[in-house]
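# Observations on the three-dimensional arrangement
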There are 2 protein chains.
Amino acid sequence: MHSGTNLPQVGTYNQSVVLEAIRLAEGISRVEIAHKTGLTAQSVSNIVTRLIEQQLVLEIGRDVSSGGKPRVKLQVNPGACYAVGVQLDRDEISLVLVDLNSQVLQQASLPTELKRGPWQIIDRLAEAILALVSAAQVPTEKVLGIGIAAPGPLDHLRGIIYDPPNFVGWTQVPLKALIEQKTGYPVVVDNDATAAAIGERWAGNAQAVRNFAFVYVGMHTGIGAGLFIEGRVYRGSTTNAGELGHVSLNIDGPLCSCGNSSCLEVLCNTGRLVSQVKQGLERGELSSLHGTPELTYTAIQQAAMAGDDLARRCVTQNAHLVGRAVVSLVNLLDVEMIVLGGKALRDVGPLYEQEVQQVLNDMIVARTWRRVKVTLSQVGEDAAAVRAAALILYECYTPQLLGLSATVN
Amino acid sequence: MHSGTNLPQVGTYNQSVVLEAIRLAEGISRVEIAHKTGLTAQSVSNIVTRLIEQQLVLEIGRDVSSGGKPRVKLQVNPGACYAVGVQLDRDEISLVLVDLNSQVLQQASLPTELKRGPWQIIDRLAEAILALVSAAQVPTEKVLGIGIAAPGPLDHLRGIIYDPPNFVGWTQVPLKALIEQKTGYPVVVDNDATAAAIGERWAGNAQAVRNFAFVYVGMHTGIGAGLFIEGRVYRGSTTNAGELGHVSLNIDGPLCSCGNSSCLEVLCNTGRLVSQVKQGLERGELSSLHGTPELTYTAIQQAAMAGDDLARRCVTQNAHLVGRAVVSLVNLLDVEMIVLGGKALRDVGPLYEQEVQQVLNDMIVARTWRRVKVTLSQVGEDAAAVRAAALILYECYTPQLLGLSATVN
């Protein structure tokens, strides 16, 4: 078991820059790194030597296609380190152990069983993490830490869960401290949406995008946005940025529990969608869903994708509402890309992608001279825990500027 | 006349950090700077020596109160350099020349006369700038450049005005290039709201605030937000962030010219306020405004501040709408402070401050564990051109991290 619970500071700023360049390319030479980063050839050479000594980077043969002197290609050593990712949802906790390339080496899951209360659940989670690491048979000293994605609101810095919807008894639960104490590994806790944004930046569609939002549509946990601003994750002054679900769509509409009116989450949620489809069925609308014994959100998603008019219309209406809130986000933040994901989009992602793109094309202020790209998460819902693992890898290996003024001269 | 039109790169990152520490204090010693910035005493000493040689910083006597060895106090040399600020509004163009402490040494104004079209107006503006610098009798080589605050939309990087409301004929006008060519000074163009945010950060209420928004309520030019994120101005991927005026307050409401519905600007503008008061008068409501020959926005503002119920109610309703849009901004961005300003708040600022603070206290999601401070601009509407001058001073003298990866080792 580890004793310390601080994430390792991995190298200097420029070392992170070089490592990132290697990680994002599929085989890259020292000369290409210098060209790409603006660092001198000498700096790159020194840093690469150090990275090879630390076994973070491997030489993988020579590129002879370029004519002149063959250049040695570099790639990240996937076995240099590992991270555990945990996705904490209402129904299920999923766990993975990944390598530096985000490849899953081991996975597991357990039912959340919210009725047991936070303390027992946390005990079982800690046991599951230690069993996962043990089963993966990797050197424990190479496991950097545990990333946990949980529903908000939460305090990222202290790793405290505040009071998520449906998580009865989870008021001010010090998840980070408890899991660190029980496992010995450093823990990073983030909300679903921010974890998803970091995962997409680390290993998905947003690797080279400076400003983007990951719009996370949860199953029972509302709608949040994870933000990247100027190439870095942005959590806000109290780590509560990205409350897209509480953008009001009608300030004179029905009250939301937050004190505002007609928030996106009030108008667009899985329970309300099921009611809408039920009402359509009761009105006698044509649909393949007549006679379904239990009308679930999953059944509606599948019907919508199979072309059922009623299901498709209701899903698209929900996507439209998400799009309208995203218009305000884009008008305020001028991001280049919107990534869509979250458990509620597991099946109906393409319908959301199309509708949100259409709404942005029609309604953002600056639409005549720019286009905002809407895309589905590349990491995918089945791999949500992989995004959580990216919390650790991102924190250790992405160029960070914090505390810079004190260290640069 | 100057020949180059690039803003000078003033010193290293750490030099900017030290200069900022000196600028924001009223007399500070080398030891205090080291303590505040985290730089070593030796680094601070070297940098201060350089700043004194460059005449950017002055020694202003010794502090004997601290008991031990008396410490030499430092302050910025206000005459080290100067900047011109221009506020371009529909009715008037105001100009100032300020020193490094933002003290106004010279000011001027001219009517905008939009009917003359952009080219003639720009000619006259360039002449007025040269006359202003000449009248100030400062060494022209110490004038760093010209900051221009103009209504958006515009392209900050290229300094092109797109097509602001009421500016007929101002389609794709290369304001930066033209003024640079006609005056010989470097020019920075920014929209009203961003310029106001930079001015407030440079010399106002937001000097130590990491994340804040300046909400700029224009007279005829809509409502925008200037954003500071993680201590730096944020303009967005296409320099169009902060379109607060196009946050929809009812997605099923009347169309806005932007393609969206019931945008804040549609519901809250000076013309609509005048109509609302007129309707109240026609309904026979008690008001001191009965019999006013011409019911202007200014007359209504003054009546509201003098306690007229009808005027005050209508102004407060408008402030409420601004507050509701700001709730979405705060929920998305988790800023610590909202600064209110702009020509439309010249007289009624306090009513806006009170109402927006109340709305935030009641409606932001995270209100139980944090409070967002609402404050009026300290720079003030009569000094809007001073904010524009801050565009230049901020760009030259604030620690900038752009291009960092290429220069740090």
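Residues numbered from 1 in each chain as written. Chains lettered and ligands numbered in written order. Predicted model: local features only at pLDDT ≥ 70, side-chain atom pairs only at ≥ 80, totals over all residues. Heavy atoms only, no water.

Time to look at the layout of surface pockets. Residues and elements named next belong to chain B. Volume-wise, the second largest pocket comes out at about 930 Å³. If you go around the second largest pocket, you meet 44 residues; those closest to its centre are P165, T221, E243, H246 and E265. When contributions to the lining of the second largest pocket are tallied by element, the ones reaching two or more residues are α6 (192-203), β10 (212-217), β11 (223-229), α7 (264-267), α8 (270-282) and α10 (309-333). (1 Å grid on protein atoms, 1.4 Å probe; cavity = no way out; pocket = protein on both sides within 12 Å on 5 of 7 lines; lining within 4 Å. Points joined across faces, edges and corners; volume = space filled by probe spheres on them. Helix = DSSP H or I, 4+ residues; strand = E, 2+ residues; numbered from the N terminus.)

Residues and elements named next belong to chain B. The strand order across the open sheet formed by five strands is β5-β4-β3-β6-β9, and the pairing between neighbours is mixed. Looking at the sheet topology across the chains shown, the edges are occupied by β5 (104-111) and β9 (187-191). Mean inter-strand twist for the sheet, computed between neighbouring axes without regard to direction, equals 15 degrees. In the sheet, strand β3 (residues 82-88) pairs with strand β6 (residues 143-150) via five bridges, with the strands oriented parallel. What sits directly across from Y82, in β6, is V143. (Pairing = 2+ DSSP bridges. Axes fitted to C-alpha atoms, helices over the stretch in contact; angles between N-to-C directions.)

This part is about the sheet that holds strand β13 (residues 337-341) of chain A. Each strand in a sheet pairs with its neighbour through backbone hydrogen bonds, running either in the same direction (parallel) or in the opposite one (antiparallel). All names here are of chain A. Reading across the sheet, the five strands line up as β12-β11-β10-β13-β14 and stay open at both edges, with mixed pairing between neighbours. The two strands at the open ends of the sheet, each matched to only one other strand, are β12 (232-234) and β14 (373-376). Each neighbouring strand pair of the sheet contributes to a mean axis angle of 25 degrees, computed without reference to strand direction. Sheet analysis places strand β11 (residues 223-229) next to β12, joined by three bridges and oriented antiparallel. Across the sheet, F228 pairs through a bridge with V233, a residue of β12. Across the sheet, helix α10 (residues 309-333) lies against β10 (212-217), β11 and β13, angled at about 25 degrees from β11, the strand it touches most. (Contact = heavy atoms within 4.5 Å.)

The next subject is the interface of chain B and chain A. Facing 61 residues of chain B, the contacting portion of chain A comprises 61 residues. Interface area for chain B against chain A, summed over the two sides, is near 5,000 Å², with a carbon-plus-sulfur share of 54%. Remark: the boundary between chain B and chain A carries zero salt bridges. The tally of links from chain B across to chain A stands at 32 residue pairs in polar contact (both at pLDDT 80 or more). Contributing elements (two or more residues each) for the side of chain B that touches chain A: α1 (13-24), β11, β12 (232-234), α10, α11 (349-363) and α13 (404-407) of chain B. Ranked by residue count, the leading element in the side of chain B that touches chain A is α10 of chain B, at eight residues. Residues that form the side of chain B that touches chain A fall into these classes: 29 nonpolar, 22 polar and 10 charged. (Buried area = accessible area lost by both parts, 1.4 Å probe. Salt bridge = Lys/Arg side-chain N within 4 Å of Asp/Glu carboxyl O. Polar contact = N/O pair within 3.5 Å; in protein donor to acceptor, adjacent residues only side chain to side chain. Nonpolar A, V, L, I, M, F, W, Y, C, P; charged D, E, K, R; others polar.)

Quick look at the relation of the copies chain B and chain A now. Of the transformation superimposing chain B on chain A, the axial component is 0.0 Å and the angular component is 180 degrees, with the fit at an RMSD of 0.0 Å. Here the two chains are linked by the operation of a two-fold rotation axis. Relative to the rotation axis, the closest C-alpha in chain B is found at N250 of chain B, a distance of 2.0 Å. A shared interface surface links the copies, since 100% of the contact residues of chain B are contact residues in chain A too. (Least-squares fit on C-alpha atoms with pLDDT ≥ 70 in both.)

Of all hydrophobic cores here, the largest spans 111 residues; its most connected members are L244, L329 and I338 of chain A together with L244, L329 and I338 of chain B. Not counting chain neighbours up to four residues away, the residues in contact with L244 of chain B comprise L332 of chain A together with V215, I223, G224, A225, L264, A325, V326 and L329 of chain B. Of all hydrophobic cores here, the second largest spans 53 residues; its members include A21, A195, A196 and Y397 of chain A. (Core = buried A, V, L, I, M, F, W, Y, C linked by side-chain atoms within 4.5 Å. Buried < 20%, exposed > 50% of the residue type's maximum accessible area, 1.4 Å probe, protein only.)

Detailed reading of the predicted coordinates is not advisable wherever pLDDT falls low. Residue and element names in this part refer to chain A. Looking at chain A, the pLDDT average stands at 89 and 93% of residues meet or exceed 70. pLDDT under 50 marks residues 401-409. Its contacts with residues more than four places away, or in other chains, come to 19 contacts. Two numbers describe this predicted complex: its pTM, 0.90, and its ipTM, 0.89. (pLDDT = per-residue confidence, 0-100.)

Residues and elements named next belong to chain A. Two elements in contact, helix α8 (residues 270-282) and α10, have axes separated by 10 Å at closest approach and are oriented at 145 degrees. Note that α8 runs across α10; the crossing there is right-handed. On α10, the residues touching L273, Q276, V277, G280 and L281 of α8 are L310, C314, V315 and N318. Taken together, the residues that form the contact of α8 with α10 break down as six nonpolar, three polar and no charged. (Left-handed = near helix turned anticlockwise from the far one by under 90°.)

This part takes up unusual backbone geometry. Following G152 of chain A, the chain continues into P153 of chain A via a peptide bond in cis, with omega recorded as 0 degrees. Turning to its location among the elements, P153 of chain A is positioned in the loop between β6 (143-150) and β7 (154-155). Positive phi, normally seen in glycine, also occurs at T239 of chain B, with a value near 55 degrees. Assignment of secondary structure puts T239 of chain B in the loop between β12 and α7. Here T239 of chain B falls in the buried class, since its relative accessible area comes to 10%. Positive phi is not limited to glycine here, since D334 of chain B has a value of about 50 degrees. Following the sequence through the fold, D334 of chain B ends up in the loop between α10 and β13 (337-341).

All names here are of chain B. Mapped onto the fold, R30 is located in helix α2 (residues 30-37). For R30 and Q106, which are 76 residues apart along the polypeptide, the C-alpha to C-alpha distance reads 33 Å. Setting aside its immediate chain neighbours within four residues, R30 contacts V44, V48, I52, E59, V72 and L74.

Residue and element names in this part refer to chain B. Taking 1.5 Å per residue, 12 residues should reach 16 Å; α6 reaches 16 Å between its end C-alpha atoms and fits that length. Along α6, 11 of the 12 residues are buried, which leaves the element largely enclosed by surrounding structure. Turning to α6, its buried residues are D192, A193, T194, A195, A196, A197, I198, G199, E200, R201 and W202. (Expected span 1.5 Å × (residues − 1).)

Another aspect to go through is the packing of aromatic side chains. According to the stated counting rule, one finds eight aromatic pairs over all chains in the structure shown. Relative to W170 of chain B, the ring of F167 of chain B lies with its centre 5.5 Å away and its plane at 85 degrees, an arrangement referred to as edge-to-face. You can call W170 of chain B buried: its relative accessible area is 1%. Put simply, the rings of F212, F228 and Y394 of chain A pair up and form one aromatic cluster. It is R23 of chain A that lies over the ring of W202 of chain A; its NZ or CZ is 3.3 Å from the centre. (Phe/Tyr/Trp six-rings, centres within 6.5 Å; stacked < 30°, edge-to-face > 60°. Lys NZ or Arg CZ within 6 Å of the ring centre and 35° of its normal.)

Residue and element names in this part refer to chain A. Buried within helix α2 (residues 30-37) are the following residues: I33, A34 and T37. Down the axis, α2 shows its buried residues gathered within 100 degrees of arc, on one side only. Of the exposed residues in α2, those oriented more than 90 degrees away from the buried face are H35 and K36. Positive phi appears at G38, one or two residues downstream of α2, with a value of about 80 degrees. (Arc of directions from axis to C-beta.)

Turning next to the pattern of salt bridges. By the definition in use, this model includes 28 salt bridges over all chains. For R90 of chain B, the salt bridge goes to D91 of chain B, with nearest N and O atoms at 3.7 Å. Given a relative accessible area of 49%, D91 of chain B falls into the partly exposed group. One continuous salt-bridge network, built from bridges that share partners, spans E113, K115, R116 and R124 of chain A.

All names here are of chain B. Counting buried residues along β11, seven of its seven residues qualify, which places the element largely inside the surrounding structure. Residues I223, A225, L227 and I229 point to one face of β11 and G224, G226 and F228 to the other, with burial holding for every one of them. In terms of strand pairing, β10 meets β11 through six bridges, oriented antiparallel. The partner of F212 across the bridge, within β11, is F228. From the end of β10 to the start of β11, which pair antiparallel, there are five residues, and G222 there has a positive phi angle of about 80 degrees.

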